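Here are the chains, one letter per residue:
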Amino acid sequence: MIKKNDFVEIDYTGKIKETNQIFDTTSKEIAQKEKIYNPNIKYGPTIICIGQSQIIPGLDEQLESKELNKEYDIEIPPEKAFGKKNPKLLRILSSSSFRKQKINPYPSLQVNIDGFVGTVRTVTSGRIIVDFNHPLAGKNIIYTIKITKLVTDKKSQIESLISFILKDPKVEIKEDTAQITAKSLPNEKLKEEIVRKIEELTKLKNVTIVKE
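Residues numbered from 1 in each chain as written. Predicted model: local features only at pLDDT ≥ 70, side-chain atom pairs only at ≥ 80, totals over all residues. Heavy atoms only, no water.

**Focus on the overall build of the protein**
Okay, step 1: Helix and strand counts for the protein stand at five helices and twelve strands.
Okay, step 2: Summarising its shape, the C-alpha atoms of the protein cover approximately 65 × 40 × 30 Å along the three principal directions.
Okay, step 3: Scored against the burial criterion, the 212 residues of the protein give a buried share of 37%.
Okay, step 4: Considering only intrachain contacts with a sequence separation of at least 6, the fraction spanning at least 24 residues in the protein is 61%.
Okay, step 5: Counting every atom, the protein has about 13,300 Å² of accessible surface; 49% of that belongs to carbon and sulfur.
Okay, step 6: Between the mean site of the 36 positive side-chain charges and the mean site of the 29 negative ones, the protein shows a separation of 7 Å. (Helix = DSSP H or I, 4+ residues; strand = E, 2+ residues; numbered from the N terminus. Buried < 20%, exposed > 50% of the residue type's maximum accessible area, 1.4 Å probe, protein only. Contact = heavy atoms within 4.5 Å. Areas by Shrake-Rupley, 256 points an atom, 1.4 Å probe, with all protein chains shown as cover. Lys, Arg positive; Asp, Glu negative; His and termini not counted. Charge placed at Lys NZ, Arg CZ, Asp CG, Glu CD.)

This is the structure in C-alpha coordinates:
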(Lines give C-alpha, C1' and ligand atoms only; values in the text may rest on other atoms or scores of the structure.)
Protein backbone atom coordinates (compact mmCIF):
# COMPACT_ATOMS: atom_id res chain seq x y z
CA MET A 1 0.00 0.00 0.00
CA ILE A 2 1.18 3.51 -0.85
CA LYS A 3 1.55 5.93 2.05
CA LYS A 4 2.26 9.61 2.58
CA ASN A 5 5.82 10.73 1.71
CA ASP A 6 6.44 7.69 -0.50
CA PHE A 7 8.19 8.54 -3.76
CA VAL A 8 6.38 6.86 -6.64
CA GLU A 9 6.47 6.75 -10.42
CA ILE A 10 3.08 7.32 -12.04
CA ASP A 11 1.42 7.19 -15.44
CA TYR A 12 -1.81 9.11 -15.85
CA THR A 13 -4.35 10.68 -18.18
CA GLY A 14 -6.71 13.43 -17.06
CA LYS A 15 -10.04 14.27 -18.67
CA ILE A 16 -13.05 16.52 -18.05
CA LYS A 17 -15.91 14.35 -16.78
CA GLU A 18 -18.71 16.20 -18.57
CA THR A 19 -17.12 16.11 -22.04
CA ASN A 20 -14.53 13.29 -21.84
CA GLN A 21 -12.04 15.82 -23.23
CA ILE A 22 -8.46 14.81 -22.37
CA PHE A 23 -6.35 17.74 -21.19
CA ASP A 24 -3.24 16.10 -19.72
CA THR A 25 -1.37 12.82 -20.07
CA THR A 26 2.02 11.21 -19.59
CA SER A 27 1.50 9.22 -22.80
CA LYS A 28 2.99 10.65 -25.99
CA GLU A 29 0.71 8.45 -28.09
CA ILE A 30 -2.46 9.66 -26.34
CA ALA A 31 -1.30 13.29 -26.54
CA GLN A 32 -0.78 12.97 -30.29
CA LYS A 33 -4.10 11.19 -30.80
CA GLU A 34 -6.00 13.83 -28.81
CA LYS A 35 -4.11 16.68 -30.54
CA ILE A 36 -2.68 18.06 -27.29
CA TYR A 37 0.92 17.00 -27.99
CA ASN A 38 3.52 19.55 -26.91
CA PRO A 39 7.08 19.02 -28.24
CA ASN A 40 8.46 20.91 -25.22
CA ILE A 41 7.07 18.35 -22.79
CA LYS A 42 8.95 15.20 -21.81
CA TYR A 43 6.39 12.38 -21.91
CA GLY A 44 6.59 9.17 -19.91
CA PRO A 45 6.16 8.16 -16.24
CA THR A 46 6.76 10.96 -13.77
CA ILE A 47 8.03 10.80 -10.18
CA ILE A 48 6.18 12.50 -7.32
CA CYS A 49 6.22 12.40 -3.54
CA ILE A 50 2.81 11.53 -2.09
CA GLY A 51 1.33 14.26 0.10
CA GLN A 52 3.73 17.00 -1.03
CA SER A 53 1.33 18.96 -3.29
CA GLN A 54 3.12 18.09 -6.51
CA ILE A 55 -0.25 17.23 -8.06
CA ILE A 56 -3.80 18.54 -7.51
CA PRO A 57 -5.10 17.98 -3.94
CA GLY A 58 -7.87 15.50 -4.74
CA LEU A 59 -5.52 13.21 -6.64
CA ASP A 60 -2.74 13.54 -4.07
CA GLU A 61 -5.10 12.51 -1.26
CA GLN A 62 -6.59 9.53 -3.08
CA LEU A 63 -3.27 7.98 -4.07
CA GLU A 64 -2.62 7.08 -0.45
CA SER A 65 -3.47 3.41 0.28
CA LYS A 66 -3.50 2.52 -3.43
CA GLU A 67 -1.65 -0.52 -4.78
CA LEU A 68 1.25 -0.78 -7.22
CA ASN A 69 0.58 -1.64 -10.88
CA LYS A 70 -3.19 -1.38 -10.53
CA GLU A 71 -5.09 1.12 -12.69
CA TYR A 72 -7.60 3.43 -11.01
CA ASP A 73 -10.18 5.92 -12.27
CA ILE A 74 -10.28 8.72 -9.73
CA GLU A 75 -13.00 11.37 -9.90
CA ILE A 76 -12.17 14.76 -8.40
CA PRO A 77 -14.65 17.60 -7.72
CA PRO A 78 -13.73 21.20 -8.69
CA GLU A 79 -12.84 22.29 -5.16
CA LYS A 80 -10.12 19.61 -4.99
CA ALA A 81 -9.04 19.99 -8.61
CA PHE A 82 -8.64 23.41 -10.23
CA GLY A 83 -11.03 25.33 -8.00
CA LYS A 84 -14.57 26.59 -8.32
CA LYS A 85 -15.45 29.40 -10.73
CA ASN A 86 -14.93 32.80 -9.10
CA PRO A 87 -17.16 35.47 -10.71
CA LYS A 88 -14.81 38.15 -9.41
CA LEU A 89 -12.21 36.90 -11.87
CA LEU A 90 -14.37 37.94 -14.84
CA ARG A 91 -13.20 41.35 -16.08
CA ILE A 92 -14.72 43.68 -18.63
CA LEU A 93 -12.04 45.34 -20.75
CA SER A 94 -12.27 47.92 -23.49
CA SER A 95 -11.54 46.93 -27.06
CA SER A 96 -9.05 49.81 -27.25
CA SER A 97 -6.78 48.05 -24.73
CA PHE A 98 -6.52 45.13 -27.16
CA ARG A 99 -5.93 47.37 -30.16
CA LYS A 100 -2.97 48.95 -28.38
CA GLN A 101 -1.37 45.50 -28.15
CA LYS A 102 -2.38 44.67 -31.73
CA ILE A 103 -4.57 41.79 -30.53
CA ASN A 104 -7.73 40.81 -32.37
CA PRO A 105 -9.84 39.24 -29.58
CA TYR A 106 -12.22 36.35 -30.18
CA PRO A 107 -13.93 33.85 -27.83
CA SER A 108 -11.54 31.18 -26.43
CA LEU A 109 -8.42 33.28 -27.17
CA GLN A 110 -5.89 33.14 -24.32
CA VAL A 111 -4.38 36.52 -23.47
CA ASN A 112 -1.86 37.91 -20.99
CA ILE A 113 -3.11 41.05 -19.26
CA ASP A 114 -0.78 42.70 -16.74
CA GLY A 115 0.99 39.39 -16.20
CA PHE A 116 -2.21 37.38 -15.68
CA VAL A 117 -3.36 34.78 -18.19
CA GLY A 118 -7.05 34.84 -19.07
CA THR A 119 -9.47 33.53 -21.68
CA VAL A 120 -11.67 35.76 -23.81
CA ARG A 121 -15.30 34.73 -23.22
CA THR A 122 -17.37 37.28 -25.18
CA VAL A 123 -16.62 40.04 -27.66
CA THR A 124 -19.13 42.83 -28.25
CA SER A 125 -18.89 46.32 -29.63
CA GLY A 126 -16.50 48.25 -27.44
CA ARG A 127 -16.00 45.67 -24.68
CA ILE A 128 -14.53 42.25 -24.11
CA ILE A 129 -15.14 39.92 -21.16
CA VAL A 130 -11.99 38.07 -20.07
CA ASP A 131 -12.11 35.14 -17.64
CA PHE A 132 -9.06 34.92 -15.36
CA ASN A 133 -10.20 31.69 -13.69
CA HIS A 134 -8.14 28.59 -14.43
CA PRO A 135 -9.41 27.12 -17.73
CA LEU A 136 -10.49 23.99 -15.82
CA ALA A 137 -12.06 25.82 -12.87
CA GLY A 138 -15.52 24.49 -12.06
CA LYS A 139 -14.90 21.20 -13.87
CA ASN A 140 -15.23 17.69 -12.48
CA ILE A 141 -12.04 15.84 -13.38
CA ILE A 142 -11.33 12.15 -13.86
CA TYR A 143 -7.79 10.79 -13.77
CA THR A 144 -6.94 7.32 -15.01
CA ILE A 145 -3.75 6.58 -13.11
CA LYS A 146 -1.36 3.74 -12.37
CA ILE A 147 1.45 3.74 -9.80
CA THR A 148 4.14 1.85 -11.66
CA LYS A 149 6.80 1.60 -8.94
CA LEU A 150 8.18 2.85 -5.64
CA VAL A 151 11.23 5.07 -6.13
CA THR A 152 14.02 4.51 -3.61
CA ASP A 153 16.94 6.02 -5.55
CA LYS A 154 17.93 9.20 -3.67
CA LYS A 155 19.09 11.05 -6.79
CA SER A 156 15.74 10.48 -8.51
CA GLN A 157 13.90 11.53 -5.35
CA ILE A 158 15.80 14.81 -5.16
CA GLU A 159 15.32 15.54 -8.85
CA SER A 160 11.57 15.09 -8.49
CA LEU A 161 11.50 17.65 -5.66
CA ILE A 162 13.55 20.35 -7.40
CA SER A 163 12.68 19.94 -11.09
CA PHE A 164 10.14 22.79 -11.06
CA ILE A 165 12.25 25.09 -8.89
CA LEU A 166 15.84 24.95 -10.18
CA LYS A 167 16.93 25.23 -13.81
CA ASP A 168 18.98 22.30 -15.15
CA PRO A 169 20.06 21.03 -11.71
CA LYS A 170 22.82 18.46 -11.26
CA VAL A 171 22.72 16.15 -8.26
CA GLU A 172 25.71 14.33 -6.75
CA ILE A 173 25.31 11.97 -3.80
CA LYS A 174 28.06 10.54 -1.59
CA GLU A 175 26.94 8.31 1.28
CA ASP A 176 24.40 10.40 3.25
CA THR A 177 25.24 13.80 1.69
CA ALA A 178 24.05 15.49 -1.50
CA GLN A 179 25.24 18.48 -3.47
CA ILE A 180 22.90 20.18 -5.93
CA THR A 181 24.40 22.46 -8.57
CA ALA A 182 22.25 24.84 -10.60
CA LYS A 183 22.77 27.68 -13.06
CA SER A 184 20.65 30.05 -10.97
CA LEU A 185 19.66 29.89 -7.32
CA PRO A 186 16.48 30.89 -5.48
CA ASN A 187 16.55 33.44 -2.67
CA GLU A 188 18.13 32.34 0.61
CA LYS A 189 14.81 31.70 2.38
CA LEU A 190 13.50 29.45 -0.39
CA LYS A 191 16.85 27.66 -0.65
CA GLU A 192 16.73 26.85 3.06
CA GLU A 193 13.19 25.54 2.70
CA ILE A 194 14.20 23.32 -0.25
CA VAL A 195 17.16 21.90 1.70
CA ARG A 196 14.98 21.25 4.75
CA LYS A 197 12.34 19.47 2.68
CA ILE A 198 14.89 17.30 0.85
CA GLU A 199 16.60 16.24 4.08
CA GLU A 200 13.24 15.48 5.70
CA LEU A 201 11.87 13.38 2.83
CA THR A 202 15.03 11.61 1.63
CA LYS A 203 16.60 11.11 5.10
CA LEU A 204 19.91 12.52 3.84
CA LYS A 205 21.82 14.37 6.56
CA ASN A 206 23.65 17.08 4.66
CA VAL A 207 22.23 18.71 1.52
CA THR A 208 23.79 21.80 -0.11
CA ILE A 209 22.75 23.90 -3.10
CA VAL A 210 25.48 25.81 -4.96
CA LYS A 211 25.70 27.83 -8.14
CA GLU A 212 27.32 26.24 -11.16
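**A look at the pairing of strand 6 (residues 110-113)**
Okay, step 1: Alternating positions in strand 6 separate cleanly, Val 111 and Ile 113 being buried on one face and Gln 110 and Asn 112 remaining unburied on the opposite face.
Okay, step 2: Both strand 6 and strand 7 (residues 116-124) contribute to a ladder of four bridges, which runs antiparallel. Bridged to Ile 113 within strand 7 is Phe 116.
Okay, step 3: The antiparallel hairpin formed by strand 6 and strand 7 contains two residues in its connecting segment, where Asp 114 sits at a positive phi of about 55°. (Pairing = 2+ DSSP bridges.)

**As for the sheet that holds strand 6**
Okay, step 1: Strand order in the open sheet formed by four strands is 5-8-7-6, with antiparallel pairing between adjacent strands. The sheet is open, and its two borders are formed by strand 5 (90-94) and strand 6, each paired with just one other strand. Sheet twist, expressed as the average angle between the axes of neighbouring strands with direction ignored, equals 45°. (Axes fitted to C-alpha atoms, helices over the stretch in contact; angles between N-to-C directions.)

**Focus on the pattern of salt bridges**
Okay, step 1: Within the structure shown, the criterion is met by eleven salt bridges.
Okay, step 2: For the salt bridge of Asp 6 with Lys 3, the shortest nitrogen-to-oxygen distance reads 3.3 Å.
Okay, step 3: A relative accessible area of 12% places Asp 6 in the buried class.
Okay, step 4: For the salt bridge of Lys 170 with Glu 212, the shortest nitrogen-to-oxygen distance reads 3.8 Å. (Salt bridge = Lys/Arg side-chain N within 4 Å of Asp/Glu carboxyl O.)

**Quick word on the layout of surface pockets**
Okay, step 1: Estimates place the volume of the largest pocket at around 860 Å³.
Okay, step 2: Contributing to the lining of the largest pocket are 26 residues, with Lys 42, Pro 45, Thr 46, Ile 47 and Phe 164 lying nearest its centre.
Okay, step 3: Looking at the lining of the largest pocket, the elements with two or more residues in it are strand 2 (22-25), strand 3 (46-49) and helix 4 (154-162).
Okay, step 4: Partitioned by chemical class, the residues of the lining of the largest pocket number 15 nonpolar, eight polar and three charged.
Okay, step 5: What the second largest pocket holds in volume is close to 160 Å³.
Okay, step 6: Forming the walls of the second largest pocket are Gln 52, Gln 54, Leu 161, Ile 165, Leu 190, Glu 193, Ile 194, Lys 197 and Ile 198.
Okay, step 7: Per-element accounting of the lining of the second largest pocket gives the leading share, five residues, to helix 5 (residues 188-202). (1 Å grid on protein atoms, 1.4 Å probe; cavity = no way out; pocket = protein on both sides within 12 Å on 5 of 7 lines; lining within 4 Å. Points joined across faces, edges and corners; volume = space filled by probe spheres on them. Nonpolar A, V, L, I, M, F, W, Y, C, P; charged D, E, K, R; others polar.)

**Here's the deal with the side chain of Asp 131**
Okay, step 1: Within the element layout of this structure, Asp 131 appears in strand 8 (residues 127-131).
Okay, step 2: Residue classification places Asp 131 among the buried residues on the basis of a relative accessible area of 3%.
Okay, step 3: In contact with Asp 131, other than residues within four places in its own chain, are Lys 85, Leu 89, Leu 90, Gly 118, Thr 119 and Arg 121.

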